[in-house]
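Notes for the structure review
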2 protein chains.
Amino acid sequence: MSIIFSRECEYALQSVTYLARTKQGEKISIRELARTLKIPRHFLAKILQRLTRKGFLISAKGPTGGFALSMPAKDITLFHIVDAIDGLAFANSCVLGFRECSGKHPCAVHDQWGEIRDTLYEMLVSRNVSQMGAAMKKPEYEAAGN
Amino acid sequence: MSIIFSRECEYALQSVTYLARTKQGEKISIRELARTLKIPRHFLAKILQRLTRKGFLISAKGPTGGFALSMPAKDITLFHIVDAIDGLAFANSCVLGFRECSGKHPCAVHDQWGEIRDTLYEMLVSRNVSQMGAAMKKPEYEAAGN
DNA sequence: TTAATTTAAGACAAAACAGTCTGATATAAA
DNA sequence: TTTATATCAGACTGTTTTGTCTTAAATTAA
Ligand code: FES
Ligand code: FES
């Protein structure tokens with residue numbers, strides 16, 4: 001069970017961060033990405049295609065083909081990716097599931113949740129995937145960029 | 001789409017908080033709870049039964065039957081309910097979906113997420129459902145306890 | 001030109017989640 | 001005792017999410 005992002009979004013964030021570590025101009029295939037990040041291959045394909053249509057990636061077919069970021073890694077934030085995949089419903093939804101979340105009729109944890117939500121929001125907008133790539137200490141990322 | 005709790009858990013939290021506002025000894029029927037909180041009736045029935053089996057509620061059949069808290073409202077925290085329904089996976093899972101979450105091989109947002117998670121954890125353990133009931137400013141709760 | 005490789009696209013399947021329905025059982029009151 | 005009302009239990013259905021498969025189209029290189 002995922003926490004706040006869908007599986008699809010988690011995979012997207014992992015993948016884009018991986019691409020952020022590659023050399024300028026280098027293309028990564030679905031096969032490599034799926035193998036190193038242990039993501040179901042065809043599921044990943046759909047996710048990358050979606051990110052391509054959204055304009056975050058460029059793709060190339062044929063041998064030597066693959067995916068790469070369409071813009072500098074520092075111009076893409078977590079927020080952009082989350083928005084593209086999951087949407088931003090979390091930003092104004094009640095954590096207890098009530099239909100409305102507003103200060104007018106707050107639920108019992110509205111204020112505390114508001115702080116958490118703001119911190120989360122800050123985390124998403126303040127970090128670009130270039131920083132993400134550098135900060136990632138997972139072993140599967142070590143090989144990238146070689 | 002729910003944020004961090006499942007629909008079932010959201011409904012459970014809403015319901016238990018509602019029960020926390022009722023007078024000592026008063027029993028609330030599934031029908032009333034479902035109507036005022038706008039929760040599907042049979043789905044709610046299963047949730048309340050589950051909470052009963054877990055020991056948080058007592059139930060009574062027949063006319064004048066219904067549900068009530070099995071213990072003082074101040075002895076039940078959000079944490080108890082979340083644990084009973086969703087489990088505590090959120091407390092040690094990676095927000096980016098990696099298999100392991102640990103300081104040994106942290107993902108790029110491990111530290112920031114750690115703070116958010118701690119705040120969330122604090123919110124769950126520090127608030128009991130008696131306080132919750134009092135703090136709830138939703139119109140559907142106004143009728144309770146009359 | 002042909003063969004190999006890679007993405008594109010969408011149908012399909014499996015699993016998880018949410019919600020529904022029915023019959024049984026217990027209880028209170030007429 | 002009978003009737004009405006409520007929970008109990010579990011099977012069932014529908015929806016969303018997640019994952020799989022197949023074919024087509026594009027591209028590279030032999
Ligand atoms: S009303 Fe519940 S979080 Fe705002
Ligand atoms: S490793 Fe990702 S949150 Fe800890």
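Quick note: structure is the one above.
Residues numbered from 1 in each chain as written. Chains lettered and ligands numbered in written order. Predicted model: local features only at pLDDT ≥ 70, side-chain atom pairs only at ≥ 80, totals over all residues. Heavy atoms only, no water.

Residues and elements named next belong to chain B. Here the structure, examined in full by the defined rule, presents 8 aromatic pairs over all chains. Here Y11 and F43 contribute two aromatic rings whose centre-to-centre distance is 5.8 Å and whose plane-to-plane angle is 85 degrees, an arrangement assigned as edge-to-face. Residue Y11 is located in helix α1 (residues 7-20), and its partner F43 is located in helix α3 (residues 41-53); the two are separated by 32 residues in the primary sequence. Look at Y18 and Y141: their rings are 5.6 Å apart centre to centre, the planes differ by 55 degrees, and that puts the pair in the tilted class. (Phe/Tyr/Trp six-rings, centres within 6.5 Å; stacked < 30°, edge-to-face > 60°. Helix = DSSP H or I, 4+ residues; strand = E, 2+ residues; numbered from the N terminus.)

We now examine the pairing of strand β2 (residues 66-69) of chain A. For a regular strand, the rule is simple: side chains alternate between the two faces of the sheet. Residues and elements named next belong to chain A. Burial along β2 is two-sided: G66 and A68 and F67 and L69, pointing in opposite directions, are all buried. With 4 bridges joining them, strand β1 (residues 57-60) and β2 adopt antiparallel strand pairing. Across the sheet, A60 pairs through a bridge with G66, a residue of β2. What sits between the antiparallel neighbours β1 and β2 is a turn of 5 residues, in which G62 has the positive phi angle 80 degrees. (Buried < 20%, exposed > 50% of the residue type's maximum accessible area, 1.4 Å probe, protein only. Pairing = 2+ DSSP bridges.)

Residues in contact with DNA strand C amount to 24 residues; listed here are only the nearest, I30(A), S59(A), F43(B), K46(B) and P63(B). Backbone sugar and phosphate groups make up 61% of those atoms of DNA strand C lying within 4 Å of the protein. One of the side-chain nitrogen or oxygen atoms of R53(A) is found 3.1 Å away from a phosphate oxygen of DNA strand C. In this structure, K46(B) approaches DNA strand C through a side-chain N or O atom, which is 3.0 Å from a base oxygen. Only α2 (30-37), α3 (41-53), β1 and β2 of chain A together with α1 and α3 of chain B provide two or more residues apiece to the surface near DNA strand C. (Near = heavy atom within 4 Å. Polar contact = N/O pair within 3.5 Å; in protein donor to acceptor, adjacent residues only side chain to side chain.)

Here we take up α3(B). For an α-helix, the turn length of 3.6 residues means that residues three or four places apart are oriented alike. Residue and element names in this part refer to chain B. With 13 residues, α3 should reach 18 Å at 1.5 Å per residue; the first-to-last C-alpha distance of 18 Å fits that figure. Among all positions in α3, only L44, A45, I47, L48 and L51 are buried. Looking at the buried side of α3, the elements it contacts are α1, α2 (30-37), β1 (57-60), β2 (66-69) and α4 (78-85). Looking at the residues trailing α3, positive phi occurs at G55, about 100 degrees. (Expected span 1.5 Å × (residues − 1). Contact = heavy atoms within 4.5 Å.)

The next point concerns the relation of the copies chain A and chain B. A rotation about an axis combined with a shift along that same axis relates the two copies of the chain. Superposing chain A onto chain B takes a rotation of 180 degrees plus a shift of 0.0 Å along the axis, which leaves an RMSD of 0.0 Å. Taken together, the rotation and translation relating the two chain copies correspond to the operation of a two-fold axis. Across chain A, the smallest distance between a C-alpha and the rotation axis is recorded for I4(A), namely 2.6 Å. Counting the interface residues of chain A, we find that 100% of their copies in chain B are interface residues as well, pointing to one common contact surface. (Least-squares fit on C-alpha atoms with pLDDT ≥ 70 in both.)

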